[in-house]
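Examination of the molecular architecture
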Amino acid sequence: MDSAVRADLIGKLRASRDALVKELAAVSELQAKFKPSPDSWSIEEIVEHLALAEHGMYRLITAYSEPTQSPSDSKREEVFEKVGTDRSRKLAAPDRVLPRGRYVSLSNALTQFTANRERTIQYVDGCEDNLRMRITSHLLGRISCRECLALMIGHPLQHLEQIREVQACPGYPS
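The text that follows walks through the structure, step by step, so that each part is easy to find. (Residues numbered from 1 in each chain as written. Predicted model: local features only at pLDDT ≥ 70, side-chain atom pairs only at ≥ 80, totals over all residues. Heavy atoms only, no water.)

**Structural notes on the state of the cysteines**
Across all of its chains, the model carries zero disulfides by this definition. This cysteine, cysteine 145, is not joined by any disulfide, and cysteine 148 carries the nearest cysteine sulfur, 6.6 Å off. Given a relative accessible area of 0%, cysteine 145 falls into the buried group. In this structure cysteine 148 comes out as buried when scored by relative accessible area, which is 0%. (Disulfide = S-S within 2.5 Å. Buried < 20%, exposed > 50% of the residue type's maximum accessible area, 1.4 Å probe, protein only.)

If you want it as structure tokens, here you go:
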């Protein structure tokens, strides 16, 4: 991976992390546990999901990828980054990344997400592989590791919109 691509990816990974952290700075633990309905996620559950998904996609790239002979198309990466932020097309989360109260608090869930994101950033910072030449299996099908990173960049931003939807619900604690 060349230094310009590395810097771009790291900048985007940091920016999406920072946007989430900034949005959550003023959220109390009471607000974090508020659920608009029994079948919807609370803010704490959303952040738990983000922490789990970040770890899972990191593993797809680092442990469950393989070389390919055909590099991915950079245009697809742009599409995957947009898919990662698009709330209009909701995908069912796999069971392994569904929130189950693993972190007990918003603070703990956010700490885990930021630690997982930092690990992803460190991986990208030291990565010498051409991630367009490595593929993995994702919920969306066979994708390049660079496309998987594009999803990781957008994923917190998609759920940031979901957090704002929760905050706009009647009954959200002030």
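**As for the pairing of strand β3 (residues 141-144)**
As paired elements, strand β2 (residues 134-138) and β3 share four bridges and run antiparallel to each other. In the strand pairing of β3, threonine 136 is matched with isoleucine 143. Count of turn residues in the β2/β3 antiparallel hairpin: two residues. (Pairing = 2+ DSSP bridges. Helix = DSSP H or I, 4+ residues; strand = E, 2+ residues; numbered from the N terminus.)

**Regarding unusual backbone geometry**
Here the phi dihedral of valine 104 falls at roughly 70 degrees; this positive angle occurs in a residue that is not glycine. Note on placement: valine 104 falls in the loop between α4 (74-85) and α5 (106-126).

**Concerning the sheet that holds strand β1 (residues 65-67)**
Taking strand neighbours across the sheet as the criterion, the three strands line up as β1-β2-β3 in an open arrangement whose pairing is antiparallel. The sheet is open, and its two borders are formed by β1 and β3, each paired with just one other strand. Adjacent strand axes in the sheet meet at a mean angle of 35 degrees when their direction is disregarded. Contacts from helix α3 (residues 43-62) reach β1 and β2 within the one sheet, and its direction differs from that of β2 by about 140 degrees. Sitting on the sheet, helix α6 (residues 145-167) touches β1, β2 and β3, and the angle it makes with β3 is about 95 degrees. (Axes fitted to C-alpha atoms, helices over the stretch in contact; angles between N-to-C directions. Contact = heavy atoms within 4.5 Å.)

By themselves these figures say nothing about function.
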